[in-house]
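Here are the chains, one letter per residue:
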Amino acid sequence: MTAVTAPTREAFRPAMHYASKDTWLNDPNGLIYYEGNYHLYYQNNPFGNVWGNMSWGHATSTNLITWTEQPVAIACDEYEDIFSGSVVYDQHNTSGLGDGTVAPLVAIYTSAYKENSQHAGIQAQSLAWSTDGGYTWSKYHGNPVLNRSSANFRDPKVFRYNGPAGAYWVMVAVEALDFTVVMYRSDDLKSWDYLSSFGPANATGGVWECPDLFPLPLDGNEDLIRWVLTVNLNPGGPNGGSAGQYFVGEFDGVTFRSETTVTEGDQDPARLTEYHWLDWGRDYYAAVSFSNVPDGRRLMMAWMNNWQYGNDIPTSPWRSPMSLVREVSLVTSEGTPHLTQQAVIDPAALTRTVAYTELDVDGIRSVAGGGAVQLIEVTFVPGSADEFGLVIRGNGNEGTRIGIRPGDGRLLVDRTVSGNTAFHGAFSSIDTAPLRAMDGAYSLRIFVDHCSVEIFAQDGEVTLTELIFPDPSGTGVSLYTSGGTAKVASLRLTTLA
Ligand code: FRU
């Protein structure tokens, strides 16, 4: 008899996702490229591995895959917690916070004021600056710089607008309980004038948090610029709990007008699946984009967890990974603009590959080449089966099922027997996303890590991201059909670590 080894908690530490050494993290903050480094600041509890003592942790990377943890960047104190926000490169020192020789990086964050503060109970926007490339930060003495006397005004994302209306800084932030994105403008990052607001619209089943607004060419055409407004909401995602939605439209420097609003005002529960979701899985939240990225690439990253069970996931001493970084683009599909997403990966990591073509599947068929950390690329052609797909991270007792039901037009992830699901009653689930055939086939790119699976379906038009906590022995991959046959046109399994 072979002994079944219980997973050691550290076994879940991701190989190709960021997690802090021994502390809690949530939202990515202040994502920026600056002088050869990508900076990831994040909501961090420097003193524990559950939410609290919110400060900005910090990590850096040159390739967006491997990250080096740095000392805490902006720490909470007796007056305020440092909630989510962004960082801009103030190249022309509009803020005057530079030291005369070096232009500053300026962080715009939410001060969540504590009882000791004269602003107790208020959330307002504050500044900190760095003139050493983002490693050490000073708080601005005039904080807060934007106060609406609101208890739920947070998560400022600031960018440089340069268009027909002029050149200035724009802030998008939320009035979380009102399902409203509020927009302000500034010339110096210190004094802000109200521009407009957007919402409620589409999904309003929770609070709105962590917005972003950025331009992208439609279908690669630089003459067809559209603006994408992303808004995270919690709870109220399409499969429960935290999730991110987006709107596509026009921004004239003052007002955002959506072309993709399905419901104005309160959401229509029956239409939840018609809204545009950044990701359909349970574990992709607080997604936000990087500033100052070379070549105009739009890169996004999210917290790979869900507030429903986030504080309870069975990892130790750290808790919560970030998602992979994704490059997003805008394409017209079925007459409306949609985001497509591709994971940023290091081509040098794509070494040991096992490839198959033209496999007939009728029932269960295991394949060699599985692993705990890998990229699985598969194209299915439907046959008579009403469902087909793969089981990954399998060991005979458990596995995560990734299936396609062509009749219903659904992609599904079943993590009910994926490993440890008992740590929280809301974790075990079968989650689905809409999926349509393209040229009669379904293609999936699946990134598997020690505690996650990120699926990019049909060229990244649909993504579905989920945490899983399998036994380390679960490295098997098998193909399956139910109720008939299907064909695998191609399958590549590439070991990533
Ligand atoms: C989103 C969020 C933000 C807030 C931060 C606090 O996950 O609730 O709205 O700024 O987390 O940690």
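Residues numbered from 1 in each chain as written. Predicted model: local features only at pLDDT ≥ 70, side-chain atom pairs only at ≥ 80, totals over all residues. Heavy atoms only, no water.

Broken down by element type, the chain carries zero helices and 32 strands. By the compact-globule yardstick of 23 Å for 497 residues, the chain fits well, its C-alpha radius of gyration being 22 Å. Burial statistics for the chain: of 497 residues in total, 58% are counted as buried. Sequence separation of 24 or more characterises 61% of the internal contacts of the chain that already satisfy a separation of 6 or more. Accessible surface, the chain: about 18,000 Å² in total, of which carbon and sulfur atoms supply 48%. Taking the 30 positively charged and 55 negatively charged side chains of the chain as two groups, their mean positions are separated by 3 Å. (Helix = DSSP H or I, 4+ residues; strand = E, 2+ residues; numbered from the N terminus. Rg over C-alpha atoms; globule rule 2.2 N^0.38 Å. Buried < 20%, exposed > 50% of the residue type's maximum accessible area, 1.4 Å probe, protein only. Contact = heavy atoms within 4.5 Å. Areas by Shrake-Rupley, 256 points an atom, 1.4 Å probe, with all protein chains shown as cover. Lys, Arg positive; Asp, Glu negative; His and termini not counted. Charge placed at Lys NZ, Arg CZ, Asp CG, Glu CD.)

Right, let's get into the domain arrangement of the chain. The assigned domain composition of the chain is domain 1 (21-343) and domain 2 (347-495). Placing the centre of domain 1 and that of domain 2 at their C-alpha centroids yields a distance of 31 Å. Regarding the contact of domain 1 and domain 2, the summed buried area is about 2,400 Å², with carbon and sulfur atoms giving 57% of it. The interface formed by domain 1 and domain 2 holds three salt bridges in total. One can count 21 residue pairs in polar contact (both at pLDDT 80 or more) joining domain 1 with domain 2. (Domains from an automatic or database assignment. Buried area = accessible area lost by both parts, 1.4 Å probe. Salt bridge = Lys/Arg side-chain N within 4 Å of Asp/Glu carboxyl O. Polar contact = N/O pair within 3.5 Å; in protein donor to acceptor, adjacent residues only side chain to side chain.)

In this section: the sheet that holds strand E6 (residues 105-113). Strand order across the open sheet formed by four strands is E5-E6-E7-E8, with antiparallel pairing between neighbours. Since the sheet does not close on itself, it has two edges, and those belong to strand E5 (80-89) and strand E8 (138-139), each with one partner. One ladder, built from nine bridges, connects E5 with E6; its direction is antiparallel. Bridge assignment links Tyr 89 to a residue of E6, and that residue is Leu 105. (Pairing = 2+ DSSP bridges.)

On to the side chain of Thr 400. Take Thr 400: it is sitting in strand E25 (residues 400-405). Judged by relative accessible area, Thr 400 falls into the buried class, the value being 0%. Those residues in contact with Thr 400, other than ones at most four positions away along the chain, are Leu 390, Val 391, Ile 392, Val 413, Asp 414, Ser 418 and Ile 468.

Right, let's talk about the packing of aromatic side chains for a bit. The full count for this structure, using the stated rule, is 33 aromatic pairs. Plain terms: the ring middles of Phe 12 and Phe 469 are 5.2 Å apart, the flat faces sit at 80 degrees to each other, and that makes the pair edge-to-face. Residue Phe 12 is found in the segment before strand E1 (24-34), and its partner Phe 469 is found in the loop between strand E30 (462-467) and strand E31 (476-482); the two are separated by 457 residues along the sequence. Both residues of the pair, Phe 12 and Phe 469, belong to the buried class. On the basis of an interplanar angle of 40 degrees and a centroid distance of 5.8 Å, the ring pair of Phe 159 and Trp 227 is categorised as tilted. With a gap of 68 residues between them, Phe 159 in strand E9 (residues 153-163) and Trp 227 in strand E14 (residues 221-234) connect regions that are remote in the sequence. (Phe/Tyr/Trp six-rings, centres within 6.5 Å; stacked < 30°, edge-to-face > 60°.)

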